[in-house]
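A look at the structure
As a plain string of letters, each chain reads:
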Amino acid sequence: VQLQAFGGGLVQAGGSLRLSCAVSGRTIRPYTMGWFRQAPGKEREFVVASSWSTGTTYYSDSVKGRFTYSRDNGKNTVYLQMNSLKPEDTAVYYCAASRSGGWPELAVAVKYDYWGQGTQVTVSS
């Protein structure tokens, strides 16, 4: 399974970006898909995950109400719509796939089996 994330860029505070993660090699249907981010000098941080087994989407408190996860099974692609961006959202964003379907394990990076290369999001103040 290969994941490729793209769509990052530079945006002013309050702006929006839409990240995409294209999955190849296998259908995404049996996988939980998640997004994580990592800012310089910080640990990788959970952003959102959608469980394949329950259909439930979980958001971190820091992005709830501003970010929206979606997936297109036909295109084998997942998306992260990011609105009302803040300078503290600046990070490299990674998409990931996990065979696990349970919560709260889905918020833990080591529970993910496949990772994309990351895409940089920079929010200026």
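Look up a bit, the structure's there.
An account of the accompanying structure is given in this report.

1. Quick look at the state of the cysteines
- The full count for this structure, using the stated rule, is one disulfide.
- Here C21 connects covalently by a disulfide to C95, the sulfurs 2.1 Å from one another. Its S-S torsion of approximately 65° makes the covalent link between C21 and C95 right-handed. Of this pair, C21 sits in strand β3 (residues 17-24) while C95 is found in strand β9 (residues 91-98), placing the two residues 74 residues apart along the sequence. Taken as a pair, C21 and C95 share a single burial class, namely buried.

2. Thoughts on the packing of aromatic side chains
- Under the defined criterion, the tally for this structure stands at eight aromatic pairs.
- Ring centres of F36 and F46 lie 5.7 Å apart, and the angle between their planes is 75°; this geometry places the pair in the edge-to-face category. Pair noted here: F36 is in strand β4 (residues 32-38) and F46 is in strand β5 (residues 45-50), with a separation of ten residues, a long-range link.
- On the basis of relative accessibility, which here comes to 0%, the residue F36 falls in the buried class.
- Judged by relative accessible area, F46 falls into the buried class, the value being 11%.
- With 5.6 Å between their ring centres and 55° between their planes, F46 and W103 make a pair best called tilted.

3. Describing the sheet that holds strand β7 (residues 67-72)
- As summarised here, the arrangement of the four strands in space is β1-β3-β8-β7, forming an open sheet in which the pairing is antiparallel. Of all strands in the sheet, those bounded by a partner on one side alone are β1 (2-6) and β7. Geometrically, the sheet is characterised by an average inter-axis angle of 15° between neighbouring strands, direction not taken into account.
- In this structure, β3 lies alongside strand β8 (residues 77-82), joined through six bridges in antiparallel fashion.

4. A short note on the nonpolar core
- With 27 residues, the main nonpolar core has M33, W35, V47, F67, L80, M82 and Y93 as its most contacted residues.
- Only β1, β3, β4, β5, β7, β8, β9 and β11 (119-124) provide two or more residues apiece to this core.
- Grouped together as the second largest cluster of nonpolar side chains are seven residues, F36, F46, Y58 and Y112 included.

5. Looking at the environment of S16
- Summarising the element assignment, S16 is placed in the loop between β2 (9-12) and β3.
- Each C-alpha atom of the pair S16 and V63 lies 13 Å from the other, and the pair is 47 residues apart in sequence.

6. Structural notes on the side chain of S50
- Topologically, S50 is positioned in strand β5.
- Excluding its chain neighbours within four sequence positions, the residues that come into contact with S50 are T32, M33, T56, T57, Y69 and R71.

7. Let's talk about the environment of Y59
- On the secondary structure map, Y59 appears in strand β6 (residues 57-59).
- Apart from the residues within four sequence positions on either side, Y59 is in contact with F46, V47, V48, K64, F67, T68 and Y69.

8. Considerations on the pattern of salt bridges
- On inspection of all chains with the given rule, the structure shows five salt bridges.
- For E45, the salt bridge is made with R37, and the minimal N-O distance between the two is 2.9 Å.
- According to the relative accessible area criterion, R37 is buried, its value standing at 5%.
- For D61, the salt bridge is made with K64, and the minimal N-O distance between the two is 3.3 Å.
- Each of R37, E45, R66 and D89 takes part in salt bridges that share partners, so that together they form one network.

Rules behind the numbers
Residues numbered from 1 in each chain as written. Predicted model: local features only at pLDDT ≥ 70, side-chain atom pairs only at ≥ 80, totals over all residues. Heavy atoms only, no water. Disulfide = S-S within 2.5 Å. Helix = DSSP H or I, 4+ residues; strand = E, 2+ residues; numbered from the N terminus. Buried < 20%, exposed > 50% of the residue type's maximum accessible area, 1.4 Å probe, protein only. Phe/Tyr/Trp six-rings, centres within 6.5 Å; stacked < 30°, edge-to-face > 60°. Pairing = 2+ DSSP bridges. Axes fitted to C-alpha atoms, helices over the stretch in contact; angles between N-to-C directions. Core = buried A, V, L, I, M, F, W, Y, C linked by side-chain atoms within 4.5 Å. Contact = heavy atoms within 4.5 Å. Salt bridge = Lys/Arg side-chain N within 4 Å of Asp/Glu carboxyl O.

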